[in-house]
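Listed below are the residues making up each chain.
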Amino acid sequence: MNTTATPESTSGSAAAMEPFIHLAGVRKVYRTGRKEHLAISDASFDVMPGELVSLVGPSGCGKSTLLKILAGLHGHDDGTVRIGSASHPFDPARDIGMVFQAPLLLKWRRILDNVLLPAELLGLPMAAARERARDLLALVGLAGYEDKYPYELSGGMQQRAAIARALVHDPKLVLMDEPFGALDALTREKMNLELLRIWKESRKTIVFVTHGISEAVFLGTRVVVFTAGPARMADNFPIELPTPRTLDMKTHEAFGVYTRRIYKLLGME
C-alpha cells in the first residue's frame, strides 16, 4: 500500500517526534565595507528525523547560504539554529555529509579511495570503513567500479560515487547543493529516482537545494520556498504524494497543484 511516510516513520505520530533541525527567525547579512547584502531573512522551519526536505528558489535567494549555516561553515546574525538534541548531540565535523554540484572526486585516486576520504580524514578504523565503502558503492549501483578512476565514469556515475563518499562515515545529516544541476535532463531524472532509493535504504535526513521546481516536489517530503529581492522564505509545506515516487506522478493533478503553488510564490503565474 502506498504511503506518505518518511523512511523512519512508524505508527506513532510524527508530531510527537522532536525536530532534528529547528530554525527560527534565522537572518544572515553579508557585509563588505559599509555595504550590506541580506542573504536570508527570517527563515523558520523544522526538519524531522528521516525527512528529505527540498529548498527551492531562484539564484541568489539564500538557499546555499542556509546550507552553509547548517554545515557550520557560516554563522548567522539573528535567530536560532539547532541541530540534534541534548539526548542526541550533533557534531558538524563528524555528523554531516556533503554533496556538491560537481562530484569533486580526486582524479589521481581510484573510486574506492575517493569514497574512503572522509573516513581517512576523521581517523576512522579503515578495515570497517573499507567494507562500508564497498557496501555503499553497491548501494549506489557502482559495484565492480571500485578500482576505476573518475575519468572512466560518466558524470552520473561520478555523482553516485560522491553520494557514497558523503555516506561513508555514517553521518546523521546529508546536505546536497544542486547535486544534479550539471547533468543532462535524462540522467537527472534517473538520479532523482536513485536518490529516493538511496534515501529510503540509508534512512538519512537530507536537505536538498535545487532550482528545479518539479525536482523539489518530486524528491521532497517537504518543500521550503525562497524568493529573491529581498531574500526571504516564502513558504514551507509538506508534499503529501504517495511513496515510492514514480516519474508517472509528474503527470498527476496533485503533482501539478504543488508545482503551481511554487510558481505562484515565485511570481511565475
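Residues numbered from 1 in each chain as written. Predicted model: local features only at pLDDT ≥ 70, side-chain atom pairs only at ≥ 80, totals over all residues. Heavy atoms only, no water.

1. A closer look at the packing of helix H6 (residues 155-167) against helix H7 (residues 185-202)
When two helices pack together, their arrangement is given by the angle between the helix axes and the distance between those axes. What counts is decided by this rule: Where helices are involved, their axes are fitted lines through C-alpha atoms of the stretch in contact, as for all axes, and angles between N-to-C directions lie from 0 to 180°. Strands are runs of DSSP state E lasting at least 2 residues, helices are runs of H or I lasting at least 4, and numbering of each runs from the N terminus. Every angle not falling under 35 degrees, over 145, or within 65 to 115 is termed oblique; those three ranges are roughly parallel, roughly antiparallel and roughly perpendicular. Less than a right angle of anticlockwise turn of the near helix away from the far helix marks a crossing as left-handed, whereas a clockwise turn marks it as right-handed. Contact criterion: two residues are considered in contact whenever any of their non-hydrogen atoms come within 4.5 Å of each other. Three categories are distinguished: nonpolar for Ala, Val, Leu, Ile, Met, Phe, Trp, Tyr, Cys and Pro, charged for Asp, Glu, Lys and Arg, and polar for the others, with Gly belonging to the last.
Direction vectors running N to C along H6 and H7 enclose 20 degrees, while the axes themselves pass 11 Å from each other. Here H6 lies roughly parallel to H7, going by the angle between them. Every pair of crossing elements has a handedness; the one defined by H6 and H7 is right-handed. In this structure, H6 uses Gly156, Gln159, Arg160, Ile163 and Leu167 to contact H7, whose residues at the interface are Thr187, Met191, Glu194, Ile198 and Ser202. Residue classes in the contact of H6 with H7 are distributed as four nonpolar, four polar and two charged.

2. Thoughts on the environment of arginine 165
To keep things clear, this is the line we draw: What qualifies as a polar contact is a pair of N or O atoms within 3.5 Å, subject to a donor-acceptor requirement within protein and to the restriction that residues adjacent in sequence count only when both atoms come from side chains.
With respect to the helices and strands, the residue arginine 165 is situated in helix H6. With residues near it in sequence (within four places) discarded, arginine 165 still touches Pro103, Leu104, Leu105, Asn114, Val115 and Pro118. Separated by 3.0 Å, the side chain of arginine 165 and the backbone oxygen of leucine 104 make a polar contact.

3. Describing the sheet that holds strand E8 (residues 222-227)
Formally: Two strands make a pair as long as DSSP finds a minimum of two bridges between them.
An order of E5-E6-E7-E3-E8-E9 is seen for the six strands of this open sheet, with the pairing classed as mixed. Whereas interior strands pair on both sides, the edge strands pair on one side only; in this sheet they are strand E5 (96-99) and strand E9 (232-238). The mean angle between the axes of side-by-side strands here comes to 15 degrees, regardless of whether they run parallel or antiparallel. As defined by bridge partners, E8 adjoins E9 across six bridges and the pair is classed as antiparallel. Bridging from a neighbouring strand, valine 224 pairs with asparagine 236 of E9. Lying over the sheet, helix H1 (residues 63-70) contacts strand E3 (52-56), E5, strand E6 (173-177), strand E7 (205-210) and E8, oriented at roughly 155 degrees with respect to E7. Packing of H7 onto the sheet brings it into contact with E3, E6 and E7, and relative to E7 it is tilted by some 160 degrees.

4. A few points about the sheet that holds strand E4 (residues 78-83)
Pairing within the open sheet is antiparallel, and its three strands lie in the order E2-E1-E4. Looking at which strands have only one partner, the edges of the open sheet turn out to be strand E2 (35-47) and E4. Strand-to-strand twist in this sheet, taken as the mean axis angle between neighbours without regard to direction, amounts to 30 degrees. Here five bridges tie strand E1 (residues 21-32) to E4, and the two strands are oriented antiparallel to one another. Within the sheet, the bridge partner assigned to arginine 27 lies in E4 and is aspartate 78. Contacts between H1 and the sheet are confined to E1, E2 and E4, with E1 contributing the most and set at about 115 degrees to the helix.

5. What to know about the confidence of the model for the chain
Put simply, the test is: One confidence number per residue, pLDDT, is output by the predictor and ranges from 0 to 100.
For the chain, per-residue confidence averages 90 on the pLDDT scale, and 93% of positions sit at 70 or higher. Element-level mean pLDDT values for the chain span from 88 in helix H2 (residues 92-95) up to 98 in helix H3 (residues 111-115). Low pLDDT (under 50) marks residues 1-15, which in the prediction has 24 contacts with non-local residues, meaning those over four places away or in another chain.

6. Concerning the pattern of salt bridges
The condition that has to hold: Each reported salt bridge corresponds to a side-chain nitrogen of Lys or Arg within 4 Å of a carboxyl oxygen of Asp or Glu. Classification of residues uses two cut-offs on accessible area relative to the type maximum, computed with a 1.4 Å probe and protein chains only: under 20% is buried, over 50% is exposed, and between them is partly exposed.
Inspection of the entire model under this criterion finds 15 salt bridges. Measuring nitrogen to oxygen at the nearest pair gives 3.7 Å for the salt bridge that ties lysine 172 to aspartate 95. Placement of lysine 172 in the loop between H6 and E6 and of aspartate 95 in helix H2 is noted, with a sequence separation of 77 residues between them. Residue lysine 172 is classed as partly exposed on the basis of its relative accessible area, which comes to 34%. Here aspartate 235 makes a salt bridge to arginine 261, at a shortest N to O gap of 3.0 Å. Residue aspartate 235 is located in strand E9, and its partner arginine 261 is located in helix H9 (residues 253-265); the two are separated by 26 residues in the primary sequence. The exposure class assigned to aspartate 235 is buried, which follows from its relative accessible area of 17%. For arginine 261, a relative accessible area of 37% puts it in the partly exposed group. Sharing partners across several salt bridges, the network here consists of Arg31, Glu36 and Asp77.

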